[in-house]
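Structural features, examined
If you want the building blocks of each chain, they are given just below.
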Amino acid sequence: MPGAVYEQVVLKNEKAAAALRFLGAREVSGDEIAGYRERVRMEEEAYQIEFAAALDKMSKE
């Protein structure tokens, strides 16, 4: 089964780097983090179920 997905951004030139700007930041509470982790867990579980179903369907064709 596929694992976690990570994104990486590469700036290819100085013009791209110059276009970046800081938009803001905020502190996130422990409760918010726990809620986000639970949401991700649920989404990952649903994805794995759908992925397994798609593989099963492909193997039967």
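The preceding data block contains the structure.
Small disclaimer: the values here were computed from a predicted structure and weren't measured. (Residues numbered from 1 in each chain as written. Predicted model: local features only at pLDDT ≥ 70, side-chain atom pairs only at ≥ 80, totals over all residues. Heavy atoms only, no water.)

1. Structural notes on the pattern of salt bridges
Within this structure, the stated rule accounts for 5 salt bridges. Linking Arg 26 and Glu 32 is a salt bridge whose minimum nitrogen-to-oxygen distance equals 3.3 Å. The shortest N-O distance in the salt bridge between Glu 38 and Arg 41 comes to 2.6 Å. Of this pair, Glu 38 and Arg 41 both sit in helix α2 (residues 30-60), 3 residues apart, which is roughly one turn of the helix. Taking relative accessible area as the criterion, Glu 38 reaches 35% and is therefore assigned partly exposed. (Salt bridge = Lys/Arg side-chain N within 4 Å of Asp/Glu carboxyl O. Helix = DSSP H or I, 4+ residues; strand = E, 2+ residues; numbered from the N terminus. Buried < 20%, exposed > 50% of the residue type's maximum accessible area, 1.4 Å probe, protein only.)

2. What about the packing of aromatic side chains?
Tallied over the full model, the rule gives 1 aromatic pair. The interplanar angle of 25° and the centroid separation of 5.9 Å between the aromatic rings of Tyr 47 and Phe 51 together place this pair among those described as stacked. Highlighted residues: Tyr 47 and Phe 51, both in helix α2, separated by 4 residues, approximately one helical turn. (Phe/Tyr/Trp six-rings, centres within 6.5 Å; stacked < 30°, edge-to-face > 60°.)

3. Description of the environment of Leu 11
With respect to the helices and strands, the residue Leu 11 is situated in the segment before α1 (14-18). Classification of Leu 11 by relative accessible area gives partly exposed; the value is 41%. In the structure, Leu 11 is positioned 16 residues away from Glu 27 in sequence and 27 Å away in space, judged by C-alpha atoms. Leaving out residues up to four positions away in the same chain, Leu 11 has contacts with Ala 16, Ala 17 and Leu 20. (Contact = heavy atoms within 4.5 Å.)

4. With respect to the environment of Leu 20
Within the secondary structure, Leu 20 is located in the loop between α1 and α2. Note on Leu 20: relative accessible area 57%, which makes it exposed. For Leu 20 and Arg 37, which are 17 residues apart along the polypeptide, the C-alpha to C-alpha distance reads 28 Å.

Treat this as a map of the structure, not an account of what it does.
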